Amino acid sequence: MSKKVLQTHNSIHDFFSTKKTIVTIGTFDGVHLGHQKILSQLVEEAKNLQYESLVLTFFPHPRMVLGKENSIKLINTVSEKKQLLESIGIHHLIVHEFDTKFANLSAKEFVEKILVGKLNIGKIIIGYDHKFGKGRTADINDLIEFGKQFGFEVEQISAEEIGDIAVSSTKIRKALLEGNIELVNQFLGYTFEFTGKVIEGKKIGRTIQFPTANILIEENYKLLPKNGVYIITSKIDNKNYPGMMNIGTNPTIGDNQQTIEVHFFDFDQNIYNKTLTIKVLEKIREEQKFDSLETLQLQLIKDENFSKSYFDKL
């Protein structure tokens, strides 16, 4: 049986279902191993109960709206999150705009008007530490009481279950900012990636036999690994190409602006304006300033040899 296609709704008000839903709520940034455990349970129980599985998430991130962290960067773009949820087998994703009006709903209004009134909830799966309602004052115990009042089940994910996984979006963001891509990929349970368009650069790489594709990411909230040189792979016209990537400011040529430059091995195609998804596999080294382009070229040869030996071992 083919997996049901994920239906995405841009607001709670766009959703309608005659079937009961089994719901989980959260930002799910990273859709990491911890999230995957909850989401797989959601899919399994939806099947057993003959309910529709539904993930309610928010954009912008609530911390962008309520906190002083309006510049918080996220592991996934909305588009990446959709793909990950679809691969798990979720039926519905609601990406609701998080604003102060929504934040000011009381816990009872949220349950009665949204969970019951809009989402036709039959069951909710939620973490033991989930807080909701205005000022995040309601907790799992309140939710259980509302469940009794409005006729839906509440399943709690215990501290032990979550603790067993010991993964959090915060830990992954920290590992990305430290350039620890190996740990990032371990926590995610898949390879970290980003998507962007190939744009024209300064073409300095080709003067030292290392032509690069400059990648522009439209979503400025997407978190990238720490500046440095990484081993990557990307699919171009349905074929995988290995390569290496520099994220940084090109200190050797005195640039100040951060760029993402990818050099594909043994590759000679015009890919300007193509949209590429880059998978980040391993860090090679920190970004360095070299005395000359010649010294940089020698280092890039070493980086390429190191990267090729990485792929040879796979």
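Here the structure is a predicted model, which means the values were calculated and not measured. (Residues numbered from 1 in each chain as written. Predicted model: local features only at pLDDT ≥ 70, side-chain atom pairs only at ≥ 80, totals over all residues. Heavy atoms only, no water.)

S.K.: Looking at this model, I keep getting lost on the pairing of strand E6 (residues 153-157). Mind explaining?
M.R.: Working note: regular strand, side chains alternate between the two faces of the sheet. Relative to E6, strand E5 (residues 121-127) runs parallel, the two sharing five bridges. Looking across to E6, one finds that Ile125 is bridged to Glu155. With helix H6 (residues 140-150) bridging E5 and the parallel E6, this β-α-β connection has right-handed handedness. (Pairing = 2+ DSSP bridges. Helix = DSSP H or I, 4+ residues; strand = E, 2+ residues; numbered from the N terminus. Right-handed = clockwise from strand over helix to strand, strands pointing away.)

S.K.: I tried to follow the pattern of salt bridges on my own but got confused; where do I start?
M.R.: Two side chains that carry opposite charge are able to pair once their charged atoms sit near each other. Across all of its chains, the model carries 16 salt bridges by this definition. A salt bridge links Glu286 to Lys226; the nearest nitrogen and oxygen atoms lie 3.2 Å apart. Taken together, the residues span a long stretch of sequence, with Glu286 in the loop between strand E12 (275-285) and helix H10 (293-313) and Lys226 in the loop between strand E8 (213-216) and strand E9 (228-236) at a distance of 60 residues. Classification of Glu286 by relative accessible area gives partly exposed; the value is 38%. On the basis of relative accessibility, which here comes to 33%, the residue Lys226 falls in the partly exposed class. (Salt bridge = Lys/Arg side-chain N within 4 Å of Asp/Glu carboxyl O. Buried < 20%, exposed > 50% of the residue type's maximum accessible area, 1.4 Å probe, protein only.)

S.K.: In this structure, what is going on with the nonpolar core? I would like to understand it.
M.R.: Here is a general trend for soluble globular proteins: nonpolar side chains tend to be buried in one another's company. If you look at the biggest cluster of nonpolar residues, it comprises 31 residues, and the most contacted ones within it are Phe192, Phe194, Ile215, Met245, Phe264 and Ile278. At the level of secondary structure, the elements contributing two or more residues to this core comprise helix H8 (169-177), helix H9 (181-188), strand E7 (193-199), E8, E9, strand E10 (239-248), strand E11 (259-264) and E12. Considering each element in turn, this core owes the most residues, four residues, to H9. Setting aside residues up to four positions removed in sequence, Phe264 forms contacts with Ile232, Ser234, Ile236, Tyr241, Pro242, Gly243, Ile271, Leu276 and Ile278. (Core = buried A, V, L, I, M, F, W, Y, C linked by side-chain atoms within 4.5 Å. Contact = heavy atoms within 4.5 Å.)

S.K.: What is the right way to read the confidence of the model for the chain from this model?
M.R.: Any segment with low pLDDT has predicted coordinates that should not be analysed in fine detail. Overall, the prediction assigns the chain a mean pLDDT of 91, with 95% of residues at 70 or greater. Mean pLDDT in the chain bottoms out at helix H7 (residues 159-165), which sits at 67, and peaks at E12, which reaches 98. (pLDDT = per-residue confidence, 0-100.)

S.K.: In this structure, what is going on with helix H5 (residues 107-116)? I would like to understand it.
M.R.: Within H5 the residues assigned to the buried category are Ala107, Phe110, Val111, Ile114 and Leu115. All buried residues of H5 project into a common sector of 115° when viewed along the axis, lining one side. Looking at the buried side of H5, the elements it contacts are strand E2 (21-25), strand E3 (52-59), helix H4 (100-103), E5 and H6. (Arc of directions from axis to C-beta.)

S.K.: How do you make sense of unusual backbone geometry when you look at a structure like this?
M.R.: Most peptide bonds adopt trans geometry, and most residues besides glycine take a negative phi value. Of note, the amide linkage connecting Phe59 to Pro60 takes the cis form, showing an omega dihedral of 0°. Looking at the secondary structure, you find Pro60 in the loop between E3 and helix H2 (62-66). Backbone geometry places Asp266, a non-glycine residue, at a positive phi of 50°. Following the sequence through the fold, Asp266 ends up in the loop between E11 and E12. Its identity as a non-glycine residue notwithstanding, Asn273 has a phi of 70°, on the positive side. Relative to the helices and strands, Asn273 is located in the loop between E11 and E12. Residue Asn273 is classed as exposed on the basis of its relative accessible area, which comes to 57%.

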